[in-house]
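# Observations on chain architecture
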Amino acid sequence: MTPRWLLWPFLVLLASIIPASAQDWPSKTVIVVVPFTPAGSTDLLARMAAQVWEQRIGKPFVVENRPGAGQQVGVNAVAKAAPDGHTLLMATSSAMAVNPTLYKKIAYDPVKDFQPIAMMAHLPFILVVNPALPINSVADLVTYAKENPGKLSFGSGGVGASHHLYGEMFKSLTGVQMTHVPYRGTVPALNDVIAGHIPLLFSDPPPALPQIAAGKVRAIGVTTAKRIAALPNVPPIGDTVKGFDTAPWQMLMAPAGTPRPIIDKLNRALNAALATDDVRKRLAIEGAEPQPTTPEEYAAIIDREVTMWSDLVKAVGIKPE
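Keep in mind it's a predicted model, so treat the numbers as computed, not measured. (Residues numbered from 1 in each chain as written. Predicted model: local features only at pLDDT ≥ 70, side-chain atom pairs only at ≥ 80, totals over all residues. Heavy atoms only, no water.)

### Points about the overall build of the chain
- Counting secondary structure elements, the chain contains 12 helices and 11 strands.
- Referenced to the eigenvectors of the C-alpha coordinate spread, the extents of the chain come out at roughly 90 × 40 × 30 Å.
- Looking at the chain as a whole, 52% of its 321 residues qualify as buried.
- Excluding contacts between residues fewer than 6 apart, the proportion of contacts in the chain whose partners are at least 24 apart in sequence is 77%.
- For the chain, the computed accessible surface area is about 14,100 Å², with 55% contributed by carbon and sulfur atoms.
- On the chain, the mean spot of the 28 positive side-chain charges and the mean spot of the 25 negative ones are 2 Å from each other. (Helix = DSSP H or I, 4+ residues; strand = E, 2+ residues; numbered from the N terminus. Buried < 20%, exposed > 50% of the residue type's maximum accessible area, 1.4 Å probe, protein only. Contact = heavy atoms within 4.5 Å. Areas by Shrake-Rupley, 256 points an atom, 1.4 Å probe, with all protein chains shown as cover. Lys, Arg positive; Asp, Glu negative; His and termini not counted. Charge placed at Lys NZ, Arg CZ, Asp CG, Glu CD.)

### A closer look at the environment of Pro235
- Locating Pro235 in the fold gives a position in the loop between strand E9 (218–222) and strand E10 (249–255).
- Note on Pro235: relative accessible area 28%, which makes it partly exposed.
- Between the C-alpha atoms of Pro235 and Ile285, which are 50 residues apart in sequence, the distance is 17 Å.

### Focus on the packing of aromatic side chains
- Under the counting rule described, the total for this entry stands at 8 aromatic pairs.
- Geometrically, the ring pair formed by Phe125 and Tyr166 is edge-to-face, given 5.2 Å between the ring centres and 85° between the ring planes. Of the two residues, Phe125 sits in the loop between strand E4 (114–122) and strand E5 (126–129) while Tyr166 sits in helix H7 (residues 162–174), which places them 41 residues apart along the sequence. Considered together, Phe125 and Tyr166 belong to a single accessibility category, that of buried residues.
- Ring geometry for Phe202 versus Phe244: centroids 6.1 Å apart, planes at 15°, classification stacked. (Phe/Tyr/Trp six-rings, centres within 6.5 Å; stacked < 30°, edge-to-face > 60°.)

### So, the confidence of the model for the chain
- Per-residue confidence for the chain gives a mean pLDDT of 89; residues scoring 70 or more make up 93%.
- Scored below 50 in pLDDT, residues 4–20 shows 4 contacts in the model against residues more than four places distant or in partner chains. (pLDDT = per-residue confidence, 0-100.)

### Here's the deal with the packing of H7 against helix H12 (residues 298–316)
- Contact pair H7 / H12: the axes reach a minimum separation of 11 Å and the direction vectors enclose 65°. The handedness of the crossing between H7 and H12 is left-handed. Only Trp309, Leu312, Val313 and Val316 of H12 make contact with H7, whose side of the interface consists of Leu165, Tyr166, Glu168 and Met169.
- Split by residue class, the contact of H7 with H12 holds 7 nonpolar, no polar and 1 charged. (Axes fitted to C-alpha atoms, helices over the stretch in contact; angles between N-to-C directions. Left-handed = near helix turned anticlockwise from the far one by under 90°. Nonpolar A, V, L, I, M, F, W, Y, C, P; charged D, E, K, R; others polar.)

### Concerning the pairing of strand E6 (residues 152–156)
- Counting buried positions over the 5 residues of E6 gives 5, a clear majority of the element.
- As paired strands, E6 and strand E7 (residues 178–182) are joined by 5 bridges and run parallel to one another. Residue pairing across strands places Leu152 opposite Met178, the latter belonging to E7.
- Viewed along the sheet, the connection from E6 through H7 into E7 turns out right-handed. (Pairing = 2+ DSSP bridges. Right-handed = clockwise from strand over helix to strand, strands pointing away.)

### Some details on the pattern of salt bridges
- Under the definition given, this model contains 4 salt bridges.
- For the salt bridge of Arg47 with Asp43, the shortest nitrogen-to-oxygen distance reads 3.0 Å. Here Asp43 and Arg47 lie together in helix H3 (residues 41–57), a separation of 4 residues that amounts to about one turn.
- The exposure class assigned to Asp43 is buried, which follows from its relative accessible area of 2%.
- Linking Lys171 and Glu168 is a salt bridge whose minimum nitrogen-to-oxygen distance equals 3.4 Å. Note that Lys171 and Glu168 are positioned in helix H7 at a spacing of 3 residues, about one turn of the helix. (Salt bridge = Lys/Arg side-chain N within 4 Å of Asp/Glu carboxyl O.)

### Things to note about the sheet that holds strand E8 (residues 200–203)
- Here 5 strands make up an open sheet; going across it, the order is E7-E6-E8-E5-E9 and the pairing mixed. Each edge of the sheet is formed by a strand with only one pairing partner; in this case those strands are E7 and E9. With strand direction ignored, the average angle separating the axes of adjacent strands in the sheet is 30°.
- For E6 and E8, the ladder comprises 2 bridges, and the chain directions are parallel. Its bridge partner being in E8, Gly155 is matched across the sheet by Leu201.
- Here H7 sits on the sheet in contact with E5, E6, E7 and E8, set at roughly 150° to E6.

What follows is the structure, given as structure tokens:
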């Protein structure tokens, strides 16, 4: 039997090699990539997560916006980044569950190329219209669209983004005709609704709520079966359009191969913050609902979402730009 003292040098060396990446992490600024333009919900939630981590871990976390190609620019950048915990992704359900169906060739695999950290939130969307339109409810919209076939259009944050999918779902369930107009993010699309260039948008709450309060757009429905705290007087779209009940999720991820101790540290810090009244109130103000998760739940979520959205993408024939 080998004397224990002979093993000590080996054990010391092993300890210095294996956990060093987790013990010393982060050794520099951590970048949180957002695959959209600034000021949208994904950007705002990423900045909230970065602030939480910075406060709880004590190192700088910076958000970097990298939009383009249906979120693929930002997502690919993280997939190819070094798995050392210094480059993270604020991933969306559309990038992870829709793009693999929408695009025939995609440079990343949502399961194999990423290590999930934690779910940040579910984000019910809001159906908003230009207030100059004679539309005060979802029923009004359906009636107006049927009386004016082909005259309505709806904006989105890009082909395959949640805004786009919800518009297509609405068309599919109601039989109305509307033309999709893609933008590079929610804010440019919302600005065009305000200006009257497009009539309506399924918008994420953070950029829309101030415009609703100012009367620049009119909210006529939310995409979930329940009303949201930020707009208690706005009914669910599903009250009028049966079967309409959906909300995208926002999840923090790291490149595959990132050491598990780093993933666990990030997960614990974020989930602990999501349990506090302060963070929950901040999310509610933005129209978001906290969804603490473990990394192990990710595969089941992806499988469910891929099945649901791939059916819609194929049924309505959504094509990438």
